[in-house]
Amino acid sequence: MYKNLSICIFLFIYKGFIQNGEIYNIQYNEMGNGHRDVIKLSDDSYGDRLSWFYTRPDTLTYLEPLIGTTQKQMLTEIKNIFEESGTNYMFIIDPSYDQCKFDQQDSIFLDSLFHDRLIDMSGINIITEDYHNYSDPYHYTSYIANEIMKIAYEKDKRRQRYMLDSLYNTQQ
């Protein structure tokens, strides 16, 4: 029943128009060729939304702890259900525009629970540095979602580690 479930589920709704052979998706503020090869748009294409991208601190900040006793129990139950049913899953901490790193104690718990099924892309990295990777400060583009899935489901764990390490171009 849950054999190929992914924690991240993406719904892509096509609403757009064609301009010079390229498909412009109004909802995601992306231009592509119909094969999910996204072309970064100019600042002008963001219109009023460009002002939504606020200046972030230059130093790494951490989120407050989010995982309490109840959340630990629920996450453990979810993991057990996935394991018992043979689900192919990854637990992904998203690259957020605010560049806040996931709380260290929460990360330690998640790592102890999910081990090599945990991917942490939070903090300052190549994805979060460029606002063009986001349609607004709360949503990354479908192109970035696809890149995250490529990394998360890379079968060669050494290559996956290299891909993750290459995201972080600054000291954390």
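Our structure's up above, just so we're on the same page.
**Q** What should I look at first to understand the pattern of salt bridges in this one?
**A** Within this structure, the stated rule accounts for 5 salt bridges. For arginine 117, the salt bridge goes to glutamate 83, with nearest N and O atoms at 3.9 Å. Here the residue arginine 117 occupies a position in the loop between α2 (104-114) and β6 (118-120), and glutamate 83 occupies one in helix α1 (residues 69-85), the gap between them amounting to 34 residues. For arginine 117, a relative accessible area of 23% corresponds to the partly exposed category. Across the salt bridge formed by glutamate 147 and lysine 150, the nearest N and O atoms sit 2.9 Å from each other.

**Q** What am I meant to see in α2 here?
**A** Because the α-helix completes a turn every 3.6 residues, residues three or four places apart line up on one side. For α2, the set of buried residues is Asp106, Ser107, Phe109, Leu110, Leu113 and Phe114. Buried residues of α2 fall within an arc of 160° about the axis and therefore sit on the same side. Facing away from the buried side of α2 by over 90 degrees, the exposed positions are Gln105 and Ile108. Against α1, β5 (91-93) and β6 lie the buried residues of α2. N-capping of α2 is provided by aspartate 103, with a side-chain oxygen placed 3.2 Å from the backbone N of glutamine 105. One or two residues past the end of α2 sits histidine 115, with phi positive at roughly 50°.

**Q** How should the packing of aromatic side chains be read in this particular structure?
**A** Within a pair of aromatic rings, the relevant descriptors are the distance that separates the centres and the angle that separates the planes. Applying the stated criterion across every chain yields a total of 7 aromatic pairs. An angle of 45° between the planes, with centres 4.8 Å apart, marks the rings of phenylalanine 82 and tyrosine 89 as tilted. Note on accessibility: phenylalanine 82 and tyrosine 89 belong to one class, buried. Centroid distance phenylalanine 91 to phenylalanine 114: 4.6 Å. Interplanar angle 10°. Geometry classified as stacked. Of the two residues, phenylalanine 91 sits in strand β5 while phenylalanine 114 sits in helix α2, which places them 23 residues apart along the sequence.

Rules used in this analysis
Residues numbered from 1 in each chain as written. Predicted model: local features only at pLDDT ≥ 70, side-chain atom pairs only at ≥ 80, totals over all residues. Heavy atoms only, no water. Salt bridge = Lys/Arg side-chain N within 4 Å of Asp/Glu carboxyl O. Helix = DSSP H or I, 4+ residues; strand = E, 2+ residues; numbered from the N terminus. Buried < 20%, exposed > 50% of the residue type's maximum accessible area, 1.4 Å probe, protein only. Arc of directions from axis to C-beta. Contact = heavy atoms within 4.5 Å. Polar contact = N/O pair within 3.5 Å; in protein donor to acceptor, adjacent residues only side chain to side chain. Phe/Tyr/Trp six-rings, centres within 6.5 Å; stacked < 30°, edge-to-face > 60°.

All quantities given are derived from atomic positions and should not be read as evidence of function.
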